[in-house]
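Each chain, written out:
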Amino acid sequence: MSKDDGRGAPAGIRPDHEVIVVGAGFGGIGTGIALQRKGIHDFLIVDKWDRVGGTWHANTYPGVAVDIPSFIYSFSYEQRGDWSRIFAPGTELRDYAESMVDKYGLRNRLRLNTTIVAAEFDDGNSLWRLRTDGGQELTCRYMVLAVGGLERPKMPDIEGLQEFGGTLVHTAMWDHDVALSGKRVAVIGTGATALQLIPVIVDETEHLTVFQRTPIWVFPKSDSEVGWLGRQILGQKRIRSVLRLAGNIGTELAMSGMVAGPKWLTDTGRRLAEAPIRNWMRGQVRDPVLREKLTPKYGLGCKRPSMSNDYLKTFNRQDVSLITDSIERVTEHGVLTADGVEHEIDILICATGFKLWDKGAIPPFPVHGRHGKDLETFWDQHRYQSYQGVTVPGFPNAFTITGPYGFVLGSYIWLIEATSAHLARAIAESKRRGTNEIEIRQDVHDEYYRKCLRRQEKNFLFTPVCEGSNTYYIDNHGDSPFRPSTHGEMYWQNRHFDLDVYRYTVGAPVPAVAVSKEAS
């Protein structure tokens, strides 16, 4: 073993940083804190935006807010009791991120306004080379991709979209200079974003037209201002912890339980839950024809549900139209639907979400591992896969926060805490052993992937219950690359895995390993 360079790794080309984290949202911030807790302080967090917060900095559309209670959608080690509402607005989540950066001393480890456009593993020197949009190169021993799933806005694939003569806006790139007052406005999409946006802007518009492909399950939203008394209650750590535990248990049963629970239990639970929710939804809409159009025919849980007390009621208004005919194309003056009607509008808003499992979107830039292995090509040819959502064979010293089969449906914060703890533990062990390369063993990865696929066979998403849901829970390979487990299992396994599931080496890379047929 060669002489140590003072960083716990053999001497050689000294990288700029021990760790570079790509992304300064909650994932990047959580990773920085996890690294510090393991005694790793030489790291840099890089982000394309001018502020931290990720999704909560990028998304500023009217009505943006968290759709999980704020006292749950926060780090377990940084709980707050001073939220303004039970479901905090997006600006408060961004400010929460800023406060964590300051409290945990991450400010001087940030490099903002910098976009990473490529990453390549240097086999000869056991380090990663990252290229920026400014043509600079940053090097690191270990790379962490903390780029969230809500990263790349997805414009609808509609003919003529770019020829629209009015104003075109995507909710993830909101232009606050666009005035909606007195305008004929159309919204394409009826997902979680549209549910927040539509009730907020409807009073400004002259007429609002909503184009719906698939209706969404809507829950009543128990939201309110926290107020002085609420802040006093949430300010008590014990009370806050009890409320958080109750909320976590409820989410575990309602979401991960739907995927990981036994079929007889999930089917029964879903049917019992559907009836009162469907009745509540129907009670919000007066017109029987509209009521049917807004009521899902697929089962509860097949796609992301949301909460709103105002969304469905909006369609009772005379100045709001719901269009369910498919869109043929966008014209210079509006939207032409399959029934031959051209809906004339001034402003077209695309509430069409993000490229989550689309080719070219994950990873968001070219990543080449050992021997030039391309991550996007690997996933395209062999389906999405990774160990615990954290790492992939053939990509040594590289980790992800939101990789395939890592996320259990619920709060992203749970995932971030679990996967950041996992990668920090692995990096710390590599340093302790005095090695400069760490890579998940192929056999361990394959067994984990096979386990996920076996569990996936029982997933209700692939049954007639979800027919017609157009859910993004299923990727372009026909899989559902969410972790089919409970949050408890995710939490435990990411913190207590056998450290020998990784291969720790010094210098010379091991030969390329072919992907096993069984795992591909």
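Just so we're clear, the structure is a prediction, and the values are computed from it rather than from any experiment.

In terms of nonpolar packing, the biggest core is built from 130 residues, with Phe-26, Trp-128, Leu-130, Phe-399 and Tyr-502 touching the most fellow members. The leading source of residues in this core is helix 11 (residues 412–432), at ten residues. Once you skip the residues sitting within four places of it in the chain, Phe-26 turns out to touch Trp-56, Tyr-73, Phe-75, Leu-93, Tyr-96, Ala-97, Ile-413 and Ile-416. Ranked by size, the runner-up nonpolar core spans eleven residues in total, among them Leu-161, Phe-211, Ile-323 and Leu-348.

This next bit is on the sheet that holds strand 16 (residues 347–350). Across the sheet, which stays open at both edges, the five strands sit in the order 7-16-8-9-12 with parallel pairing between neighbours. Every interior strand has two partners, whereas the edge strands, strand 7 (167–170) and strand 12 (320–323), have only one. Across the sheet, the mean angle separating the axes of adjacent strands is 20° when strand polarity is ignored.

Okay, the side chain of Ser-469 next. Positionally, Ser-469 belongs in the loop between helix 12 (442–456) and helix 13 (487–496). Those residues in contact with Ser-469, other than ones at most four positions away along the chain, are Thr-214, Tyr-298, Cys-302 and Lys-303.

Let us look at the packing of helix 1 (residues 26–37) against helix 3 (residues 90–103). Taken N-terminus to C-terminus, the directions of helix 1 and helix 3 make an angle of 20°; their axes are 11 Å apart at the nearest point. When the axis of helix 1 is compared with that of helix 3, the two are roughly parallel. Helix 1 and helix 3 meet at a crossing whose hand is left-handed. In this structure, helix 1 uses Phe-26, Ile-29 and Ile-33 to contact helix 3, whose residues at the interface are Leu-93, Tyr-96, Ala-97, Met-100 and Val-101. A per-class count over the contact of helix 1 with helix 3 returns eight nonpolar, no polar and no charged.

This part is about the sheet that holds strand 14 (residues 334–337). Strand pairs in the sheet, formed through backbone hydrogen bonds, run parallel or antiparallel to each other. Ordered by their spatial adjacency, three strands build an open sheet running 13-14-15, and the pairing between neighbours is antiparallel. Strands with a single pairing partner mark the edges of an open sheet, and in this sheet they are strand 13 (327–330) and strand 15 (342–344). The mean inter-strand angle of the sheet, taken between neighbouring strand axes irrespective of direction, is 25°. When strand 13 meets strand 14, the two strands line up antiparallel, connected through three bridges. Bridge pairing links Arg-329 to Leu-336 in strand 14.

Here Arg-503 is to be found in strand 20 (residues 502–505). Relative accessible area serves as the criterion here: at 31%, Arg-503 is assigned to the partly exposed category. Distance from Arg-503 to Arg-141, taken between C-alpha atoms, is 16 Å for residues 362 residues apart in sequence.

With that settled, consider unusual backbone geometry. Even without being glycine, His-371 reaches a positive phi, approximately 60°. Residue position: His-371 is located in the loop between strand 17 (367–368) and helix 10 (375–382). What makes His-371 partly exposed here is its relative accessible area of 49%. At Gln-388, a residue that is not glycine, the phi angle is positive and equals roughly 60°. The residue Gln-388 is located in the loop between helix 10 and strand 18 (398–400) in this model. What makes Gln-388 buried here is its relative accessible area of 2%.

Counted by the stated rule, this structure contains 29 salt bridges. Among the salt bridges present, the one from Glu-137 reaches Arg-129, with a minimum N-O distance of 2.8 Å. Taking relative accessible area as the criterion, Glu-137 reaches 45% and is therefore assigned partly exposed. Relative accessible area serves as the criterion here: at 26%, Arg-129 is assigned to the partly exposed category. Connected through shared salt-bridge partners, Arg-51, Arg-94, Asp-95, Glu-98, Asp-102 and Arg-107 make up one network.

What follows is about helix 3. Helix length check: helix 3, at 14 residues, gives a terminal C-alpha distance of 20 Å against a target of 20 Å (1.5 Å per residue), a fit within 8%. Those residues of helix 3 not exposed but buried are Gly-90, Glu-92, Leu-93, Arg-94, Tyr-96, Ala-97, Glu-98, Met-100 and Val-101. As for helix 3, its buried residues are in contact with helix 1, helix 2 (55–58) and strand 3 (110–111).

What follows deals with the pairing of strand 4 (residues 116–122). Burial analysis of strand 4 places five of its seven residues in the buried class, which makes it a mostly covered element. Direction of pairing for strand 4 relative to strand 5 (residues 127–132): antiparallel, over a ladder of six bridges. Along strand 5, the bridge assignment pairs Ile-116 with Thr-132. Hairpin geometry of strand 4 and strand 5 is characterised by an intervening segment of four residues between the two adjacent antiparallel strands and by a positive phi of about 55° at Ser-126. Both strand 4 and strand 17 contribute to a ladder of two bridges, which runs parallel.

Right, let's get into a nonpolar patch on the surface. Among the surface-exposed residues, Trp-228, Leu-229, Ile-233, Ile-239 and Leu-243 lie close enough to one another that they form a single nonpolar patch of about 500 Å² accessible area. Going through the elements one at a time, helix 5 (227–234) and helix 6 (237–260) are the ones with two or more residues in the nonpolar patch. Per-element tally for the nonpolar patch: the top contributor is helix 5, with three residues. In this fold, Leu-243 is placed in helix 6. Residue classification places Leu-243 among the partly exposed residues on the basis of a relative accessible area of 35%.

Another point: the environment of Pro-484. For Pro-484, the position within the fold is in the loop between helix 12 and helix 13. A residue is classified by how much of its surface remains accessible, and Pro-484, at 7% relative accessible area, is buried. Put simply, Pro-484 and Gly-283 are 201 residues apart on the chain and 34 Å apart in space, counted from C-alpha to C-alpha.

Tracing the backbone through its elements, the reader meets Val-185 in strand 8 (residues 184–188). Classification of Val-185 as buried rests on a relative accessible area of 0%. Residues contacting Val-185, with those up to four places away along its chain left out, are Leu-180, Thr-205, His-207, Leu-208, Thr-209, Ile-345, Ile-347 and Ile-349.

Cut-off values and rules
Residues numbered from 1 in each chain as written. Predicted model: local features only at pLDDT ≥ 70, side-chain atom pairs only at ≥ 80, totals over all residues. Heavy atoms only, no water. Core = buried A, V, L, I, M, F, W, Y, C linked by side-chain atoms within 4.5 Å. Buried < 20%, exposed > 50% of the residue type's maximum accessible area, 1.4 Å probe, protein only. Helix = DSSP H or I, 4+ residues; strand = E, 2+ residues; numbered from the N terminus. Contact = heavy atoms within 4.5 Å. Pairing = 2+ DSSP bridges. Axes fitted to C-alpha atoms, helices over the stretch in contact; angles between N-to-C directions. Parallel < 35°, antiparallel > 145°, perpendicular 65-115°, else oblique. Left-handed = near helix turned anticlockwise from the far one by under 90°. Nonpolar A, V, L, I, M, F, W, Y, C, P; charged D, E, K, R; others polar. Salt bridge = Lys/Arg side-chain N within 4 Å of Asp/Glu carboxyl O. Expected span 1.5 Å × (residues − 1). Patch = residues over 30% accessible without salt bridge, like charges linked within 9 Å, V, L, I, M, F, W, Y side chains within 5 Å. Areas by Shrake-Rupley, 256 points an atom, 1.4 Å probe, with all protein chains shown as cover.

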